[in-house]
Amino acid sequence: MNSSNTFGAYKLFFATLANDSRLTILGIIRKEPKNLSEICKITGFEQSMVSHNMKLLEYHGMVFVEKKGKFKYYSLNKNTIKPLLDLIDQHTNKYCCKILEGKR
């Protein structure tokens, strides 16, 4: 990948994550898959908004969808996104949380 493609890919990736609703949804499905109704119930978000965000997350490979009966279950991409979120947790706990607490 050339440098302009890398930059564009980074912008696309981080723009997808830079949304409060999507970050909330990712946090909810981080431990176990959930269907749309479960996500809506937990978040209080409108179904159309959750559906829109899930499509974006799926399109960008951050979540996967598995149909079980009449429901679609959304799960976090365990190969890339889960380890990345774990690494981000380490970083934010060490630096960002301290900034928010006024300790850095």
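So, a few notes on the structure that sits alongside this text. In this text, all values refer to a predicted model and were calculated from it rather than measured experimentally.

Rules and cut-offs
Residues numbered from 1 in each chain as written. Predicted model: local features only at pLDDT ≥ 70, side-chain atom pairs only at ≥ 80, totals over all residues. Heavy atoms only, no water. Helix = DSSP H or I, 4+ residues; strand = E, 2+ residues; numbered from the N terminus. Buried < 20%, exposed > 50% of the residue type's maximum accessible area, 1.4 Å probe, protein only. Contact = heavy atoms within 4.5 Å. Areas by Shrake-Rupley, 256 points an atom, 1.4 Å probe, with all protein chains shown as cover. Axes fitted to C-alpha atoms, helices over the stretch in contact; angles between N-to-C directions. Parallel < 35°, antiparallel > 145°, perpendicular 65-115°, else oblique. Left-handed = near helix turned anticlockwise from the far one by under 90°. Nonpolar A, V, L, I, M, F, W, Y, C, P; charged D, E, K, R; others polar. Arc of directions from axis to C-beta. Polar contact = N/O pair within 3.5 Å; in protein donor to acceptor, adjacent residues only side chain to side chain. Pairing = 2+ DSSP bridges.

**Some details on the overall build of the protein**
Along the protein, the regular secondary structure elements total five helices and three strands. The order of helices and strands in the protein, counted from the N terminus, is α-α-β-α-α-β-β-α. Scored against the burial criterion, the 104 residues of the protein give a buried share of 26%. For the protein, restricting intrachain contacts to residue pairs at least 6 apart in sequence, the fraction spanning at least 24 positions comes to 47%. If you sum the accessible surface of the protein, you get close to 7400 Å²; carbon and sulfur atoms cover 56% of it.

**Focus: the packing of helix H3 (residues 36–43) against helix H4 (residues 47–59)**
Helices that pack against each other are described as a pair by the angle of their axes relative to one another and the distance between those axes. For the pair H3 and H4, the least separation of the axes is 10 Å and the interaxial angle reads 120°. By the angle class used here, H3 and H4 are oblique. Considering the relative orientation of H3 and H4, their crossing is right-handed. Side by side, H3 and H4 meet where Leu36, Ile39, Cys40 and Thr43 of the first sit next to Gln47, Val50, Ser51 and Met54 of the second. The residue makeup of the contact of H3 with H4, split by class, is five nonpolar, three polar and no charged.

**Things to note about H3**
Turning to H3, its buried residues number three or more, namely Leu36, Ile39, Cys40 and Thr43. For H3, the angular spread of the buried residues around the axis is 100°, confining them to a single face. The secondary structure elements touched by the buried residues of H3 are helix H2 (20–28), strand E1 (34–35), H4 and strand E3 (71–76). For H3, the N-terminal cap is asparagine 35; the gap from its side-chain oxygen to the backbone nitrogen of serine 37 is 3.0 Å. In the segment just after H3, glycine 44 is the residue with positive phi, at about 80°.

**Section: the pairing of strand E2 (residues 63–68)**
Here E2 pairs with E3 via six bridges, running antiparallel. From the neighbouring strand, valine 65 faces E3, where its bridge partner is tyrosine 74. Taking the residues that link successive antiparallel strands as the turn, the E2-E3 hairpin has two residues, and the phi of glycine 69 there is positive, at about 65°.

**Remarks on the pairing of E3**
In this sheet, E3 lies alongside E1 in antiparallel orientation, the contact comprising two bridges. From the neighbouring strand, lysine 34 faces E3, where its bridge partner is tyrosine 74.

So, to be careful, I would describe these as geometric facts and stop short of saying anything about function.
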